[in-house]
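Okay, here's what each chain looks like letter by letter:
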Amino acid sequence: PGEQMPHAAKGMVLPLTVTASSGVAQAGTTDAPTPTPNVHLVLKDYGFAFSKPITAGKHTIHIMNEGQQDHEAILLQLAPGKRLADFNAWANTGMKGPPPARPMAGIAAMAKGRTAIVTDDFTPGNYALTCFVTAPDKKLHAEHGMNLEFDVK
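Residues numbered from 1 in each chain as written. Predicted model: local features only at pLDDT ≥ 70, side-chain atom pairs only at ≥ 80, totals over all residues. Heavy atoms only, no water.

Engineer: Sorry if this is basic, but what is going on with the overall build of the protein here?
Structural biologist: Along the backbone of the protein there are 1 helix and 9 strands. Ordered by position in the sequence, the α and β elements of the protein form the string β-β-β-β-α-β-β-β-β-β. Summing over all exposed atoms, the protein offers an accessible surface of approximately 9,600 Å²; the carbon and sulfur share of this is 57%. Taking the average location of the 13 positive side-chain charges in the protein and that of its 13 negative ones, the two points are 2 Å from each other. (Helix = DSSP H or I, 4+ residues; strand = E, 2+ residues; numbered from the N terminus. Areas by Shrake-Rupley, 256 points an atom, 1.4 Å probe, with all protein chains shown as cover. Lys, Arg positive; Asp, Glu negative; His and termini not counted. Charge placed at Lys NZ, Arg CZ, Asp CG, Glu CD.)

Written as structure tokens, this is what we have:
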């Protein structure tokens, strides 16, 4: 808590290889189909752009990094009366007291051209996206304005 360096930069990362299932499979197991997204989210240097507004209900979001740098999408449901600035201050000063937001589906840092799919349920309220990846100038992307607040109705 309170550190600017992401855990991945400290070595909290391992390679992962995904392969097709082979050999003996357990009875009744199946490979799940890829979910079909109904919203797209583009990550850029330094911003977020949804393909359409998020409405109340379950959404499957296709996330694409079109920026030159690695980016992450930290999706938050803000507590009543709180803003993204409250969450960023809480996260960067030791995470003391109750969090001003509830974390939701999101993605860790991914390179240019990479994509991910996440699914979550949205209820009416205030939400935010932020990115805590460190830029070449050693500032967080959030400090460069990579933040987005939005309302779900």
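The rest of the description comes next.
Engineer: It is not clear to me how the pairing of strand 1 (residues 39-44) should be interpreted in this structure. Could you clarify?
Structural biologist: Looking down a regular strand, the side chains alternate between one sheet face and the other. Summarising the sheet, strand 1 and strand 3 (residues 57-65) pair through 5 bridges and their orientation is parallel. Bridged to valine 39 within strand 3 is isoleucine 61. With 4 bridges joining them, strand 1 and strand 2 (residues 47-50) adopt antiparallel strand pairing. Paired with valine 42 across the bridge in strand 2 is alanine 49. Remark: 2 residues form the turn of the hairpin made by strand 1 and strand 2, two consecutive strands paired antiparallel. (Pairing = 2+ DSSP bridges.)

Engineer: Honestly, the sheet that holds strand 3 in this entry has me stumped. Any pointers?
Structural biologist: Two orientations exist for strands paired in a sheet by backbone hydrogen bonds: parallel and antiparallel. Pairing within the open sheet is mixed, and its 4 strands lie in the order 2-1-3-7. Edge positions in the open sheet fall to strand 2 and strand 7 (115-122), since each of these has one partner strand only. Averaged over neighbouring strand pairs, the angle between their axes works out to 25° when direction is ignored. (Axes fitted to C-alpha atoms, helices over the stretch in contact; angles between N-to-C directions.)

Engineer: Would you mind showing me how to read the environment of alanine 111 here?
Structural biologist: As for its placement among the helices and strands, alanine 111 is situated in the loop between strand 6 (107-110) and strand 7. The residues touching alanine 111, leaving out its near neighbours within four places in the chain, are Asn65 and Asp70. (Contact = heavy atoms within 4.5 Å.)

Engineer: Before we go on, may I ask you to explain the pattern of salt bridges in this structure?
Structural biologist: Pairs may arise between side chains of opposite charge once their charged atoms sit close together. Per the stated rule, a full pass over the model turns up 1 salt bridge. Glutamate 149 is paired through a salt bridge with arginine 83; the nearest N and O atoms lie 2.8 Å apart. Taken together, the residues span a long stretch of sequence, with glutamate 149 in strand 9 (residues 147-152) and arginine 83 in the loop between strand 4 (71-78) and helix 1 (84-92) at a distance of 66 residues. (Salt bridge = Lys/Arg side-chain N within 4 Å of Asp/Glu carboxyl O.)

Engineer: Where do I start with the packing of aromatic side chains in this structure?
Structural biologist: Aromatic rings in a pair are described by how distant their centres are and how their planes are angled relative to each other. Counted by the stated rule, this structure contains 5 aromatic pairs. Relative to tyrosine 127, the ring of phenylalanine 122 lies with its centre 5.3 Å away and its plane at 55°, an arrangement referred to as tilted. The same class applies to phenylalanine 122 as to tyrosine 127, namely buried. Through pairs of rings, three or more aromatic residues link up here, namely Phe50, Phe122, Tyr127 and Phe150. (Phe/Tyr/Trp six-rings, centres within 6.5 Å; stacked < 30°, edge-to-face > 60°. Buried < 20%, exposed > 50% of the residue type's maximum accessible area, 1.4 Å probe, protein only.)

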